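Examining the three-dimensional arrangement
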Amino acid sequence: MASMLEYIKIILQKVSFDPRLFEKELRKAIRMLMPEEIKKLRLWCYERFSSNHQPILDRVFLIRASVS
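Residues numbered from 1 in each chain as written. Predicted model: local features only at pLDDT ≥ 70, side-chain atom pairs only at ≥ 80, totals over all residues. Heavy atoms only, no water.

Digging into the side chain of His53
Within the secondary structure, His53 sits in helix 3 (residues 35-67). If we skip the residues at most four places from it in the chain, His53 touches Ser16, Pro19 and Phe22. (Helix = DSSP H or I, 4+ residues; strand = E, 2+ residues; numbered from the N terminus. Contact = heavy atoms within 4.5 Å.)

See the structure below:
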């Protein structure tokens, strides 16, 4: 059985065509994951999506960092 993190990665890949949906799903994912999983997700997202969604990633993960 796949982990929640792996499931979230699949979802984000599938919705990456739509910036609004991508951000919505990313925010939802962060609420569901443990801190260590969020770090892994952050690295993966920047490797995979920074060319298309850099502002979204910065906004979502910066907000998350300031809250932690």
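So, the pattern of salt bridges
A complete count under the given rule lists 5 salt bridges for this structure. One salt bridge connects Lys39 with Glu36, and the closest N-O pair in it is separated by 4.0 Å. Residue Lys39 and its partner Glu36 are located together in helix 3, separated by 3 residues, close to a single helical turn. Look at Lys39 and you get exposed, because its relative accessible area is 52%. Glu36 sits in the partly exposed class, given a relative accessible area of 48%. (Salt bridge = Lys/Arg side-chain N within 4 Å of Asp/Glu carboxyl O. Buried < 20%, exposed > 50% of the residue type's maximum accessible area, 1.4 Å probe, protein only.)

As far as function goes, none of this settles anything; it's purely spatial.
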